[in-house]
Amino acid sequence: MPLFEAVGVRKRFGGVDALRGVDFSIEPGEVVGLMGDNGAGKSTLMKVIAGAYRPDEGELRMDGEPCAFTGPRAAADHGIAVVYQDLGLVDERTVAANVFLGQEPRRFGVVDGRRMRAEARQVLDQLRIRIPSVRMPVAGLSGGQRQCIAIARAVHRGGRLVLLDEPTAALGPQQQDNVLSLIKDLKKQDKAVVVVSHNVDHVLAVADRVVVMRGGMVSGVRRVAETTAAEVVGLILGDTAAFALDGPQDSQGETP
Ligand SMILES: Nc1ncnc2c1ncn2[C@@H]1O[C@H](COP(=O)(O)OP(=O)(O)OP(=O)(O)O)[C@@H](O)[C@H]1O
Ligand SMILES: [Mg+2]
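Predicted model, so just to flag it, every value in this text is computed and none were measured.

A.B. asks: So what exactly am I meant to see when it comes to the pattern of salt bridges here?
C.D. replies: For side chains bearing opposite charge, pairing can occur when the charged atoms are close. One pass over the structure, following the stated rule, counts 13 salt bridges. The partner of Arg-121 in a salt bridge is Asp-125, with the nearest N and O atoms 3.7 Å apart. Within this pair, Arg-121 and its partner Asp-125 are both found in helix α4 (residues 113–126), separated by four residues, close to a single helical turn. The partner of Arg-222 in a salt bridge is Glu-231, with the nearest N and O atoms 2.8 Å apart. A residue is classified by how much of its surface remains accessible, and Arg-222, at 28% relative accessible area, is partly exposed. Overall, Glu-231 belongs to the partly exposed group, its relative accessible area being 31%. One salt-bridge network, in which partners are shared between bridges, spans Glu-5, Glu-59 and Arg-61.

Below, the structure is given as structure tokens:
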């Protein structure tokens, strides 16, 4: 049985059909690479799964049971942890506070700063993330360091399903490798991971399955063991590739 399923999910923003009937599923311990061109609907799907957006139509199921997330809190209670493309860090707060954001350890009703810093340091070390001090505000960090903090937070929250929206986009090669090994570690712990990425090599290196979106729909699903980088790129480009190879199919320049 899949850990999580989305069936026939639709989401409109004004006149934009961001999701036009998406079916998606993931098993425990499975890593799915979610790919597709800019504007394909990947982040919108992540936000629906994480409870940030309510779908206009369709059903979400966890362990086969329908679940309607009333908000991010409800999704988190179901074991869904997410790192958004825009990270959602609070600049003026410290590294340690951002790792815990909203779930700070407390002692006698007040935030236990000492424990928070020690645990934050532990999580960062585990992920081999080098930050000079967990006491420094996040505002003083580089883009790549900020991305690592956001990932550390999602990992620390645990969750049975971890959603990573372009986790390696702003990182240098060393940190990219760290994130990829982190994804493999999560898989070993039997967690399911959805990793949104434009990098085919990264997806093929860590994923079991690739789901390609195009224009708000799933345009292809492949097992990594049974596909190639060229095939995946072809699925992402879709009609554009056919157009480039064959030229326009009709007078409007549209491929049928
Ligand atoms: N909050 C919003 N309000 C209006 N339109 C939105 C909103 N969020 C997304 N969209 C639109 O929905 C479509 C899908 O956007 P989405 O962010 O899901 O794409 P994406 O696949 O994540 O792209 P990228 O690779 O650029 O991150 C786009 O046309 C986008 O403009
Ligand atoms: Mg996106």
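A.B. asks: Explain the sheet that holds strand β4 (residues 57–62) here, please?
C.D. replies: Spatial strand order, β2-β1-β4-β5: four strands in an open sheet with antiparallel pairing. On the outer flanks of this sheet lie β2 (16–26) and β5 (65–66), each paired with one strand and no other. When β4 meets β5, the two strands line up antiparallel, connected through two bridges. When the bridges of β5 are listed, Arg-61 appears paired with Pro-66. Against the sheet, helix α1 (residues 42–49) contacts β1 (4–13), β2 and β4, and its axis sits at roughly 60° relative to β2.

A.B. asks: Got a minute to help me understand unusual backbone geometry in this structure?
C.D. replies: It is generally the case that most residues other than glycine have a negative phi and that most peptide bonds are trans. Notably, Glu-166 is not glycine yet its phi reads approximately 55°, a positive angle. Positive phi values are uncommon outside glycine, yet Asp-190 reaches one of about 70°. Along the chain, the position of Asp-190 falls in the loop between α6 (173–188) and β10 (192–196).

A.B. asks: Teacher, can you tell me more about the site of ligand 1 here?
C.D. replies: In the vicinity of ligand 1 lie 15 residues, with Asn-38, Gly-39, Lys-42, Ser-43 and Thr-44 positioned nearest. One of the side-chain nitrogen or oxygen atoms of Ser-43 is found 2.8 Å away from an oxygen atom of ligand 1. Surface burial for ligand 1 is 65%, taken as the share of its 640 Å² of free accessible area covered by protein chains. When residues of the shell around ligand 1 are traced back to their parent elements, those giving at least two are β2 and α1. A total of three residues in the shell around ligand 1 trace back to one element, the largest contributor, which is α1. Of the residues in the shell around ligand 1, the class split is five nonpolar, seven polar and three charged.

A.B. asks: Help me understand helix α8 (residues 229–237), please; the structure alone is not making it clear to me.
C.D. replies: Think of an α-helix as turning once every 3.6 residues; residues three or four places apart then point the same way. Of the positions making up α8, those classed as buried are Val-232, Leu-235 and Ile-236. Along the axis of α8, the buried residues cluster in a sector spanning 100°; they form a single face. Considering only its buried residues, α8 is in contact with β3 (31–36), α7 (200–206), β11 (209–214) and β12 (217–223). Backbone geometry just after α8 places Gly-238 at a positive phi near 55°.

A.B. asks: Would you explain the pairing of β3 in this entry?
C.D. replies: Looking along a regular strand, one sees the side chains alternate between the two faces of the sheet. Of all six residues in β3, six are buried, a share of seventy percent or more. Burial along β3 is two-sided: Val-31, Gly-33 and Met-35 and Val-32, Leu-34 and Gly-36, pointing in opposite directions, are all buried. Looking at chain direction, β3 and β10 are connected through four bridges and run parallel. Directly across from Leu-34, in β10, lies its bridge partner Val-196. Two elements, β3 and β11, share five bridges in a ladder whose sense is parallel. Within β11, the residue paired with Gly-36 across the bridge is Met-213.

Calculation rules
- Residues numbered from 1 in each chain as written.
- Chains lettered and ligands numbered in written order.
- Predicted model: local features only at pLDDT ≥ 70, side-chain atom pairs only at ≥ 80, totals over all residues.
- Heavy atoms only, no water.
- Salt bridge = Lys/Arg side-chain N within 4 Å of Asp/Glu carboxyl O.
- Helix = DSSP H or I, 4+ residues; strand = E, 2+ residues; numbered from the N terminus.
- Buried < 20%, exposed > 50% of the residue type's maximum accessible area, 1.4 Å probe, protein only.
- Pairing = 2+ DSSP bridges.
- Contact = heavy atoms within 4.5 Å.
- Axes fitted to C-alpha atoms, helices over the stretch in contact; angles between N-to-C directions.
- Near = heavy atom within 4 Å.
- Polar contact = N/O pair within 3.5 Å; in protein donor to acceptor, adjacent residues only side chain to side chain.
- Areas by Shrake-Rupley, 256 points an atom, 1.4 Å probe, with all protein chains shown as cover.
- Nonpolar A, V, L, I, M, F, W, Y, C, P; charged D, E, K, R; others polar.
- Arc of directions from axis to C-beta.

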